[in-house]
Each structure stands twice: as structure tokens, then as C-alpha cells.
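Breakdown of the fold
What follows is each chain in one-letter form.
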Amino acid sequence: MFYLVRQRCLSSWCNGARVRPRRLFHVGPSSSSSPSSSLRPSFLFSTRSPSHCLRALSTGSVKSDIREAAELQDKVLRCLDATVFDPSLPTRSIVDLGLVKSVRVNPIQGEIRLSLEYPTAGHPHTETVKARIYQALQAATSRHTQGLLPFSLPPSLTTVRIDTPVPRLTSSPSSSVPLGSGLTHVQHVVAVSSCKGGVGKSTVAVNLALALARQGNRVGLLDLDIYGPSLPTLLHVEDKAIRPSSRNPKFIQPLLYPSSASSSSPSSPSFPLPFPVKHLSFGHVKPSPSLPGAGGGEAAVLRGPLASKVVNQLLLCTEWGELDFLLLDLPPGTGDVQITVNQSMGGRAGGREGGLSGAVVVTTPQELAVVDVVKGVRMMEGMKVPTLACVVNMAYFVCGSCQEKHYVFGGGGGGGGVKERIRGAMTVGKEKEGGREEEGVLSEEAFFELPLSPAVSRGNDRGRPVMMMEEGEVGGEEGGREGGQAAVQDVYFKLATRVAEEMFRRWYDGKVVPLVEYNDKNDVIVMRIFSKEAARQIRLRPADVRWSDPRTGEALKEGGEGKGAKVTPVTFEKKGNYGVSVLWSDGHYASIYTYEALERMAARIAAEKEEGENLIKMK
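For the structure given in this document, a descriptive report is provided here. (Residues numbered from 1 in each chain as written. Predicted model: local features only at pLDDT ≥ 70, side-chain atom pairs only at ≥ 80, totals over all residues. Heavy atoms only, no water.)

As a further point, take the overall build of the protein chain. When you go through the protein chain residue by residue, the secondary structure sums to 15 helices and 22 strands. A total of 619 residues make up the protein chain; the buried ones form 49% of that total. If you take every contact in the protein chain between residues at least 6 apart in sequence, the share linking residues at least 24 apart comes to 67%. With an accessible surface of roughly 29700 Å², the protein chain has 51% of that area assigned to carbon and sulfur atoms. (Helix = DSSP H or I, 4+ residues; strand = E, 2+ residues; numbered from the N terminus. Buried < 20%, exposed > 50% of the residue type's maximum accessible area, 1.4 Å probe, protein only. Contact = heavy atoms within 4.5 Å. Areas by Shrake-Rupley, 256 points an atom, 1.4 Å probe, with all protein chains shown as cover.)

Put into C-alpha cells, the structure is as follows:
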């Protein structure tokens, strides 16, 4: 027997009124095999089920059971919608965010069972949200609140069970994901970058990856420093063989840390990670005469174009599988590798288009480092890659005798100068609204100081990073409470939480990359721009785009003989978060048209048209 359930309109439905349902739920019987449950089944309501019907096993008092279960489920959802919020995004409830995937209400057994599913496997506030759910439902079922709350629940519902399944990552629907890309099931791609060398990017990248993994995430780590790979030194594994993927023989499988073969190795942790860290480096690649530097034993004497090809292969031709985070350890500078990484990814996985999800910037307090790091921040901001956090590495040293902090490289505590310089680099070219800087400027909580710690140095030399050291381990106490192993681990856990929170916020409230396409019927290029409030589009004639500067949007003064000929775009290719390149019908392959340049182009053409119309009116 089948019935339709109308949420929030049950009484009208029962009276025969034809009311359009706000939401429909599929209701199925409980898996319980007890006799009582076969007579009065419990029901499963799934907010993501496409089915619009209800199935019941008995016909006695089915209608009343259906209505009762639906009303209870509705009250549970209303209770959570009104009272439970994730600390990362306190303006939207977990129901509004779609984190509550299903609710099972069993009045006979007095049980409420729901499924709480986050976009990543190790969200840092899962336990906090679960505790808030328990507290909210306990208050709703309390005898003291009966009749006082609009979502009061029967006191007989005494048991609450919360399932937190690991999310399944599906292929991105974005056509801009490179064909056969190993990033297809990667949720977030985060760069660990600094324009300056020697500031500790690799150390931060490795320990950040391990901190995210210890929080329960599926993490990958790719060392993209072709000329000086560090990962083989920082992570010791017994099985270093690079094998082809079983799914695609043209792909390779990353290494695992810790691997099953290295479980007895002194560099492996005695406590298991929920998921091993997948990692790869040019230093792991088998040495070859045709590829100097492979394996890390010899110098990588490679020109920029060849190094870029190696980066593309390591990034896109590795079978990363399902990952919540893929960290990229970028080399110093603002050259070929950085540009290749930003442009090659096209659209990232998880159904959200764009390139890099964000960047963690690493610096030291010295002016010599900060002056270059600022350049790297400006490069990332120009490519529309948001800066998630800034790590001031080797900020201070804790004396073993006096247990006081000594800022041996300057800074004087707080890193005020570094903070202002980084914030200044992020706001270059951004307009102010209402006297405040545009959203995206780092707050105080986004800056982290790491000490100059002997424990970190010793762990790097042994291939056992500080995040894998256990409490009370020999050498871990050096540096005391402010600079020892425990203090460093605490900073990395806070950094991992910051990165996860930022990705969570941007997943729901982040900007969507504009969509550019050619409408051959009307012979116009259309760019659709999306925001949280609305969507808009601009329309440009192909000739106007072809004969305009791709970076500034200004009209080109010199166009040659072909300037008056008809030209149309053949293909568009996304370039990270910031623009598209175009292949024209006249054979010209233009450099990247930034989205900002296309908007300026449209504004210029509109202004020129308005000026021409005014001149005609004056005549």
C-alpha cells in the first residue's frame, strides 16, 4: 500500500484538502524482526531520497502510524534546525546545510536514529555537533518542556543514536577536469607555499598532512619541488616501489605512510592513523638517464618546460583515489611550477569548479624572508587562490634553563610586522566597503607561530615527523611546555582545524567560478557570474574580445589586416580560478583572459556605446 506524506501539512491532507507538499519523504519499515515491530513498523525518512511514496507493512492502523511517525520526524528536524549549528558556520543550522541525511523514529522502542554526514571524513567539530544534537533532543523530550516548545517530543523517546558515515566522493560533473585526471575524487587541493626557500615549507606540509590525518581525514601529500625533493627524507617507508595503478596502467599508485611493510620500522608510529597518508615525490621516481634527478640521488638538471611536464604527470597521473585533502608542497618562487599547478587542474573534484582550493603560507620572522613571501601571497591572490592561514616558522626559541621565549630572528612576539605585511599583500587592488576591507583578509586566529624546536629537527632527520611522536618520547620534552613536542603538536592541530574550517565554510558559502561559453546562434560570448545573492551575465561580441587585451580589457591599438574579419572562438579552456584561454577560428591561441578583464571589457564597451548615443543625440 502506498501513501503520500506532506510535511507540515499533515492535518490538511488527512481532511482531504489538496495542498501542495513542501517536501516529500520516503518512509520504509524498520529492520527489526520483533512481532511488535511487524504490526507497528518504524519509518525511515530520507531527505535525499528521490522517492515520493511511503510503504507500510500492515493495514490495521497504518494511517495513524504514518501520521505519528511523520510528525515526530518533522519535529526532530525542526528541533535540530532551530538549535544545532556547527561552530565553523554558526549562521546556518545543520539541517539547512544538509548535514542531516536521514532520520529514523521508532516510537515503540523509544529511539531516534539519524545520520550526520559531513563533506570530509574528519571534520574537527563532529563530536561537538553530536553533543549538541544529544543536548537538543534531550531538552525536546524533557517532561518540563512539553507544550512549551513547538517541537516538543514524547518523553518516551529516550534513546538517540547518531551515525557518521564516511562520505563517498563521486566524480566531478565539471567538464573542465582533465580527462583521466587522478584528482577526480579529491575534495580539496591546498598548496603549502612560500616564495622564499629555507623557511620550512616541507616540514609544515608533512606535519599538517599528518595532523589532518590524525583528525580522521583521508589525506594525500605531493612534493612538487623537482629540484630539491624533501619528502623521501621526512617520511621513511620500507616499501618505496612505485607501481602502476590497477585501474589505469598509465597511472601510478602513491606510497602509503605508514605502510604495512614498515609497521615494525622505528620511524613508524605505534598508534594507527584512521587512513594512511598517500604521498609521492620526484625523489621516489625510479632513476632514469632520460630524466635527470629522478630518485633524488642526482641533481635534477631540467629546464622549466620539462619540469612543468613532470609536475603535471605527478599531479594528474597519480591514482589518488578518494581524498578529503591533497596538500601540495610547492617549491620556492613564482615561476613555472606555481603557474602550472594553478592552470592545469581546471576544475577541482566534488562538483565545485575551480583550481586550487586555498594556500597555507609559510615564512620566518626575518625581513629577508617576509619581503619574498609577500610576493608569493600576491601571486596567489592574483590567481584567485585564497590564503587560508599564515605560519611563522622558527618564530622563537625556548631556553631549557629559564624556560622563556627568545625571539632570535626578531619579531618580538605576536609577529605584528609579519601580519600587517601579509594582510597588506592580500588587500592590494581590493576595494573597501563601508570602511572595512573586503572579506578574505586573515584574522588573528589565522596566524600561527612555531618554535625553533630540537624535537622537530630530530624527527625530520629520523624520518619520523613530530606529529608522529608519542607523549613522553625521548627528546620530546626539549623546549619545555612552550617549545617542546606537545606544544608543536598543539599548533599543528590548531592549524589543521583552521584549514578544515575554512574549507567547510567555502564549500557552502564560497564563490563559484564564472562560466564562459559561446552562443553560436546569437554569435555572442556569454559569461555567467554567480554570487550568494544572485546570478548575472555579460554578453560580448567575439570580435570585441579577440581585439582586446586579455589582461586589462582595453582595446588593442594594433590589430593588423585581420582585425575587420569575422572571428569566432573554437574552444575555451579553464585556467584555475581566474580565467580562460581561447582558441580562435583564425588560428590565434590567446593568452589567458582573466574574468576581471572580461568584466572590464564589457564595462568599457557599454560606456563607449553610451557615449556614442549621447553624441548622436547632441547632433
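A few words on the sheet that holds strand S20 (residues 569-575). Strand order in the open sheet formed by 3 strands is S20-S21-S22, and the pairing between neighbours is antiparallel. Edge positions in the sheet fall to S20 and strand S22 (593-594), since each has one partner strand and no second. The pairing of S20 with strand S21 (residues 579-584) spans 6 bridges and is classified as antiparallel. In the sheet register, glutamate 573 faces S21, and the bridge partner there is serine 581. (Pairing = 2+ DSSP bridges.)

With that settled, the discussion passes to the environment of asparagine 393. Of note, asparagine 393 is situated in strand S14 (residues 387-398). For asparagine 393, a relative accessible area of 10% translates into the label buried. Here the alpha-carbon distance between asparagine 393 and leucine 452, two residues 59 residues apart in the chain, equals 7.5 Å. Once residues within four sequence positions are removed from consideration, asparagine 393 is found in contact with Val199, Gly200, Val362, Thr363, Thr364, Pro365 and Leu450.

This paragraph deals with the side chain of lysine 574. Inspection of the secondary structure puts lysine 574 in strand S20. Residue lysine 574 is classed as buried on the basis of its relative accessible area, which comes to 15%. Polar side-chain contacts of lysine 574 include one of 3.4 Å to the backbone oxygen of proline 514. (Polar contact = N/O pair within 3.5 Å; in protein donor to acceptor, adjacent residues only side chain to side chain.)

Our focus in this paragraph is the packing of aromatic side chains. One pass over the structure, following the stated rule, counts 4 aromatic pairs. Ring geometry for tryptophan 584 and tyrosine 593: centres 6.4 Å apart, planes at 80°, overall edge-to-face. Using a relative accessible area of 2% as the deciding quantity, one classes tryptophan 584 as buried. On the accessibility criterion, tyrosine 593 (2% relative accessible area) is buried. Taken together, Tyr118, Phe504 and Tyr508 form an aromatic cluster joined through their ring pairs. Just above the ring of tryptophan 547 sits the side chain of arginine 546; from NZ or CZ to the centre is 4.1 Å. (Phe/Tyr/Trp six-rings, centres within 6.5 Å; stacked < 30°, edge-to-face > 60°. Lys NZ or Arg CZ within 6 Å of the ring centre and 35° of its normal.)

The next thing to look at is the pattern of salt bridges. Summed over all chains, the structure comprises 27 salt bridges. Salt-bridge contacts for lysine 419 lead to glutamate 444; the nearest nitrogen and oxygen are separated by 2.8 Å. Of the two residues, lysine 419 sits in helix H10 (residues 416-426) while glutamate 444 sits in the loop between H10 and strand S16 (447-451), which places them 25 residues apart along the sequence. For lysine 419, a relative accessible area of 14% puts it in the buried group. The exposure class assigned to glutamate 444 is partly exposed, which follows from its relative accessible area of 43%. In this structure, the salt-bridge partner of glutamate 502 is arginine 505, at a minimum N-O distance of 2.6 Å. Remark: arginine 505 and glutamate 502 occur in helix H13 (residues 485-509); sequence separation between them is 3 residues, near one turn of the helix. (Salt bridge = Lys/Arg side-chain N within 4 Å of Asp/Glu carboxyl O.)

This part is about the nonpolar core. In terms of nonpolar packing, the biggest core is built from 46 residues, with Tyr492, Leu495 and Val499 touching the most fellow members. Considering every element that reaches this core, the biggest residue donor is helix H5 (residues 201-214), with 9 residues. Those residues in contact with valine 499 that lie beyond four places of it in its chain are Val190, Leu208, Phe325, Val360 and Leu388. Membership of the second largest hydrophobic core comes to 33 residues, among which are Ala191, Leu316, Leu323 and Leu328. (Core = buried A, V, L, I, M, F, W, Y, C linked by side-chain atoms within 4.5 Å.)

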